[in-house]
Amino acid sequence: MGLQQPQIHLEKRDGVTVSEDYGTGLLENKLCVEDFVKIQQVFEVPSPNQTICMPREEFIQKMTETVGCGTKEEFEELFDKVDVARDGFIGWDKLTSFILLSLYERDEREKATVVPQWKDLEFLPGKHKDTIQKVVFLKSSSRYLTISKEGLLGVWGENLKLQKALPITADAAKLKHLWVTSLVSLENVNKIAVAFTSREICFYDLLSKEEFPCQYKLQGLRGTPICMDYWYDPLDPKESILSFGDITGKVQVIVFTAAVISLFERPANACDDEEATMTIDWADLLSGCHKCCYILQHTLHHGDWVRQVSYNASLDAFISSTTSNTNTVVLAWREKSEKLLKMTSFNIAQGIHAFDYHSQLNLIATAGINNKVCLWNPYVISKPVGVLWGHSASVIAVQFFAERKQLFSFSRDKVLRLWDIQHQLSIQRIACSFPKSQDFRCLFHFDEGHGRLFISFNNQLALLAMKNEASQRVKSHAKGVTCVLYNSLLKQVISSDMGSTVSFWMIETGQKIKQFSGCHGNAEISTMALDANETRLLTGSTDGTVKVWDFNGYCHHTLSVGQDGVVDISQILVLKKTILVVGWERAVTVFRPQNFNQFSIQPEEWKGGIHHQDDILCAAFLPPQTLATGSYDGEIVLWNSSTENAHHVLHPDYQRQLTSKLDPEPQKLNANRSCSVPCFEEQATLAAQNFEIDTEGNNAVMKLCFLQARKNNAATGGANLVSCGASGYVRFWDTFKKELLAEFLAHAGVGSIVMSTDKQNQYLATGDPDGWLKIWNIEDYCTSSTGNKITQSPTLLRSFQPHEDRISSLQLCVSCDHLLIISSSADCSVCVTGLCNAPALIFGQASHWDIESYFSFPTRDTNLVESKSQEESMKISPLFSKEESCLDSTEDSLLTEENKDDSLHIIRSSEEINFSLKYKNRNMHKKKAHKPCYREIIEKSASTFRSLSLSRLKELPEVNKPAFLLDPDKYFKEEPEENEPQVPELPLLSETLKAVFDEKHLFPKEILDHERQDKQLYQGTSGDMKIKRNKKQL
């Protein structure tokens, strides 16, 4: 289905929208900072141990005299509000406490009454054939999971692109006779639990090499589980709770006490194969055979189907609901000392479909079959504390917008309402354009972190996404920015967005100079790269194509990456003779520029085959021939770029050597991919079979960077490769010894991160999905092998939040002698900042900047002036000679600089790179291993005199003039030369010319006759054409 525009209406009351600010006319809201300073001066006392308390009349008199705004009546009202105890006196502490509280309440009111703006309703293309039962979001990997009744599991990326769809079990005959009823994510142990109509709950491992193998099967339940909920303690992941309700009215709970170690104990009769499914009998759990968990349950619903169950830690209670009008909502409170439950219940007329709980407001919202949304205090069961009227059909779903203290409700007639809880008013009504059908099953899920509302209609999944809040923040693009590059040749920043737009900015002023629109139609540009000469731009898109552009906006070539279908391109890496493209598939796609003889280019064969078990997400290159590729399962494969053969696999928990070529033909990842993965001979001895599960999240490699400046690490055993993953970790590897040297948690609990390093590999910048940017000093980090893995993080120089949303790309560059960090974000902005406490400038702001003045050095010590003058003479030498860096003319000089630290690049010797006084001081005494070119010699010789100390010259004695100045005629007078032969004069041309120049005698007679005939023919033809033209005009 296509895009549909939802009908959105703002609700009004008495002609005023509820989104208008409350209390704008109050005096405390009119006072500014200067007014509060004046008020504070009135209450000041000479001694800090004394306080001034003013009576009502004195306060009113002094305030009207001191403060510029406010009337006598307004200050009388302010005094009465502050003096709650009616003491007749108020002091500075009382006044400030009241002002702060009133401002906080005003902010809360404004936040609660902000009406979100929505994008067009979008139906996501999926492969589900039956009703969608659940939508969950995996925070550790930033992916969505959907599951339908027929057992088809859909895996979606954070960009809501369907990555794969596969059956939850390989037994097709089994799926024909049972349905999937529910799904929950066990994030602290990287598993999912799926409930079936066969009265079973299966636990699948998300970190396994295979496609979601079943690790545990819980069977023998008395009733079919139809709803589930999972909770774990973020401070103690070992404690977690799985609760589920069934069709017999039972609410049953499994409390895990060592979830990180094992959910269940291995039975004595279990086979030794760790990959085999372990069967757990419900009767064994009830009898207490498993010491790592225990059971809680109640049957207060008396045979009614339990529609929803949830555990809330703040209440320490289990909440469950049915459609019955007796015991509609049951709260089962946990007893601290004993494994018992204390029960309370709410009786709601006609029953409810769903509920939700807000811990801060301490309210339970219920979706009533009687068209009402009721708000309940969990400790008051007699009647609701509020009733929200407005729906004309039974309400089937409710969910709190926790941050804004608002509530969503969705009714059977496909109407969505948003409520202001404080005033119990409907502030927005959205009528969704679902297909017309009376019989449908609807799923409602709001992902507050991303502002996405999912509503399913049977097997169709619809998305209603919130627009970014209108704020004073400057936007560089109309849509989220996906990638950013720096062109050092033109001193320009290049950025791309989800709307297929590329913009060019001047780094020195922030001015936009040009923009390319619709580069890939409506498809998102996911990555970009530059060639070595920085005269060509390569853009990769989610439509599976890579385009080669010049800076005039002309597309020279289109490279088709997707063979069997469209792929999501994640990175472009351009080497000396090849262009490598990686994305959401296990194969490396290769193009060879020498064969670019037409506009549309098809990929060629990658000789190394397939060695990854999961999708390749990133790549990096270390000259002369080392290539590294990172995949979703955490493996890093090392290749020889010349032979295109892989030789080693690195993983945080193991490493292995590759001895044979895998998968001779690249295959597109599909639902049956697990069946096509070959068995490896070397896997029999892998330590990967027994490695411990990473409880912090999976090890997906999102970014790779080679530390090219560390040239001696092969001898010292230091790290030369950096990777960052979906769990927020940064890892340092030694690719020569094939070992992991260090890892540290750069960003905790945020999911996938991105990173970049400077050319000297002294600083590392990392960015996370919350918009936070951290800068680390890695100059002396992991420079030698210690034998043990380092877990301590390097020195953190700066941590700040330049963006409001996910940081999508980072670049470290040098401009105007300063090291700059350029970041792009999904909040539509591109920022540039410096190392230490520098301002974050946004490209696109109204006023342009001067980069030199914004990032100039602070006041320096005079002792540093001389050292600075010496440091200014230092130049960064090229890493490679011109012969090694340049490409053949047939390759069109396509050498990437998408990530300046990931590929071969040229550094011009004429550029002075001064990061900071300390940064330059480090480089000043480094020896140059290469032979400098003539231009470098000239510059260094000129700079040498700057370091000389200058003083007054001594007076020299008088010097006599030399003889050639006293008698110049003696030395410089011209004397006639003797015996010099005379040069004879040449005769005139008129005297030697035998005949006058004549054209007739210069050429043969035949040529002259032929030319004369041609002239006559031409004159006749042109005359006829003039006559015809005149006739037509007449």
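Given the structure is predicted, the values throughout are model-derived calculations rather than measurements. (Residues numbered from 1 in each chain as written. Predicted model: local features only at pLDDT ≥ 70, side-chain atom pairs only at ≥ 80, totals over all residues. Heavy atoms only, no water.)

## Observations concerning the overall build of the protein chain
- The secondary structure content of the protein chain amounts to 19 helices and 63 strands.
- Looking at the protein chain as a whole, 51% of its 1034 residues are labelled buried.
- Sequence separation of at least 24 residues holds for 54% of the intrachain contacts in the protein chain that already meet a minimum separation of 6. (Helix = DSSP H or I, 4+ residues; strand = E, 2+ residues; numbered from the N terminus. Buried < 20%, exposed > 50% of the residue type's maximum accessible area, 1.4 Å probe, protein only. Contact = heavy atoms within 4.5 Å.)

## So, the sheet that holds strand S62 (residues 830-833)
- With antiparallel pairing, the 4 strands of this open sheet are ordered in space as S60-S61-S62-S63. The open sheet has two edge strands with one neighbour each: strand S60 (807-815) and strand S63 (841-842).
- Sheet topology note: the S60/strand S61 (residues 818-825) ladder contains 8 bridges and is antiparallel. Among the inter-strand pairings, Ser-815 is bridged to a residue of S61, identified as His-818. (Pairing = 2+ DSSP bridges.)

## Side note on the pattern of salt bridges
- The tally for this structure, following the rule as stated, stands at 12 salt bridges.
- In this structure, Glu-604 engages Arg-592 in a salt bridge whose closest nitrogen and oxygen atoms are separated by 3.1 Å. In this pair, Glu-604 sits in the loop between strand S46 (600-601) and strand S47 (616-622) while Arg-592 sits in the loop between strand S45 (589-591) and S46, placing the two residues 12 residues apart along the sequence.
- The salt bridge involving Asp-1009 is made with Arg-1012; its shortest N-O contact spans 2.6 Å. Within this pair, Asp-1009 and its partner Arg-1012 are both found in helix H19 (residues 1005-1033), separated by 3 residues, close to a single helical turn. (Salt bridge = Lys/Arg side-chain N within 4 Å of Asp/Glu carboxyl O.)

## Description of the environment of Val-135
- The residue Val-135 is located in strand S7 (residues 132-138) in this model.
- Along the sequence, Val-135 and His-445 sit 310 residues apart, while their C-alpha atoms lie 6.9 Å from each other.
- Apart from the residues within four sequence positions on either side, Val-135 is in contact with Leu-145, Thr-146, Leu-443, His-445, Phe-454 and Leu-461.

## Points about the UniProt feature "repeat: WD" (unreviewed entry) in the protein chain
- UniProt feature "repeat: WD" (unreviewed entry): in the numbering of this structure it lies at residues 388-429, 474-515, 525-552 and 612-649.
- Helix makes up 0% of residues 525-552 and strand 57%, whereas the separation of the span's terminal C-alpha atoms amounts to 18 Å.
- Counting secondary structure, residues 612-649 comes out at 0% helix and 61% strand; the distance between its end C-alpha atoms is 9 Å. (UniProt positions renumbered as here; feature names shortened; annotations may be inferred.)

## Re helix H2 (residues 33-43)
- Three or more residues of H2 are buried, namely Asp-35, Ile-39, Val-42 and Phe-43. In an axial view of H2, the angular spread of the buried residues amounts to 95 degrees, which keeps them on one side of the axis. Seen from the open side of H2, the exposed residues pointing more than 90 degrees away from its buried face are Val-33, Glu-34 and Gln-41. (Arc of directions from axis to C-beta.)

## Focus: the nonpolar core
- Judged by nonpolar contacts, the single largest core of 25 residues is most densely connected at Ile-201, Phe-203, Ile-254, Phe-264 and Leu-285.
- Discounting chain neighbours no more than four positions away, the residues touching Phe-264 are Phe-203, Tyr-216, Phe-256, Ile-280, Leu-285, His-290, Cys-292 and Cys-293.
- In this structure, Ile-396, Phe-408, Leu-416 and Phe-457 belong to the second largest nonpolar core, which totals 23 residues. (Core = buried A, V, L, I, M, F, W, Y, C linked by side-chain atoms within 4.5 Å.)

## Considerations on the sheet that holds strand S55 (residues 739-745)
- Overall, antiparallel pairing links the 4 strands, which are arranged S52-S53-S54-S55 in an open sheet. Looking at the sheet topology across the chains shown, the edges are occupied by strand S52 (701-706) and S55. Ignoring strand direction, the axes of neighbouring strands in this sheet form an average angle of 20 degrees.
- As paired strands, S52 and strand S53 (residues 721-725) are joined by 5 bridges and run antiparallel to one another. Note that in S53 the partner of Val-701 across the bridge is Gly-725. (Axes fitted to C-alpha atoms, helices over the stretch in contact; angles between N-to-C directions.)

## Side note on the pairing of strand S29 (residues 406-411)
- Of all 6 residues making up S29, 6 are buried, and the element is well covered by its neighbours.
- As paired strands, strand S28 (residues 395-401) and S29 are joined by 6 bridges and run antiparallel to one another. What sits directly across from Phe-400, in S29, is Leu-407.
- Adjacent in sequence and paired antiparallel, S28 and S29 are bridged by 4 residues, among which Lys-405 carries a positive phi angle near 60 degrees.
- Examined bridge by bridge, S29 and strand S30 (residues 415-420) share 5 bridges and lie antiparallel to one another.

## What about the environment of Asp-758?
- As for its placement among the helices and strands, Asp-758 is situated in the loop between strand S56 (754-757) and strand S57 (763-767).
- For Asp-758, a relative accessible area of 1% translates into the label buried.
- Considered as a pair, Asp-758 and Ile-821 are 63 residues apart in the sequence and their alpha carbons are 9.1 Å apart.

## Some remarks on helix H4 (residues 72-82)
- All of the buried residues along H4 are Phe-75, Leu-78, Phe-79 and Val-82. Down the axis of H4, the buried set is contained in an arc of 100 degrees. They therefore lie on one face.

## Some remarks on the packing of aromatic side chains
- The tally for this structure, following the rule as stated, stands at 31 aromatic pairs.
- Consider the rings of Phe-59 and Phe-79, whose centres lie 5.7 Å apart with planes at 45 degrees: the pair is tilted. Here Phe-79 lies in helix H4 and Phe-59 lies in helix H3 (residues 56-66), a separation of 20 residues in the sequence.
- Aromatic pair Phe-401 and Phe-446: ring centres 5.0 Å apart, planes at 65 degrees, arrangement edge-to-face. One end of the pair, Phe-401, is in strand S28; the other, Phe-446, is in strand S32 (residues 442-447), with 45 residues separating them in the sequence. Taken as a pair, Phe-401 and Phe-446 share a single burial class, namely buried.
- Grouped by ring-pair contacts, the aromatic residues Trp-118, Phe-401, Phe-408, Phe-410, Phe-444 and Phe-446 constitute a single cluster.
- Over the ring of Trp-179 we find Lys-149; its NZ or CZ atom is 4.1 Å from the centre of that ring.
- Positioned above the aromatic ring of Phe-800, the side-chain terminus of Arg-798 is 3.8 Å from the ring centre. (Phe/Tyr/Trp six-rings, centres within 6.5 Å; stacked < 30°, edge-to-face > 60°. Lys NZ or Arg CZ within 6 Å of the ring centre and 35° of its normal.)

## Topic: the packing of H2 against H3
- It is at 10 Å that the axes of H2 and H3 come closest, and there the two elements cross at 135 degrees. Taken together, the axes of H2 and H3 lie oblique to each other. The handedness of the crossing between H2 and H3 is right-handed. Seen from H2, the contacting residues are Lys-38, Ile-39, Val-42 and Phe-43; seen from H3, they are Phe-59, Lys-62, Met-63 and Thr-66. (Parallel < 35°, antiparallel > 145°, perpendicular 65-115°, else oblique. Left-handed = near helix turned anticlockwise from the far one by under 90°.)

## What to know about the confidence of the model for the protein chain
- On average, residues of the protein chain carry a pLDDT of 78, and 75% of them reach 70 or more.
- When the criterion is pLDDT under 50, residues 12-23 qualifies, and its contacts beyond four places in sequence or with other chains add up to 17 contacts.
- Scored below 50 in pLDDT, residues 857-950 shows 185 contacts in the model against residues more than four places distant or in partner chains. (pLDDT = per-residue confidence, 0-100.)

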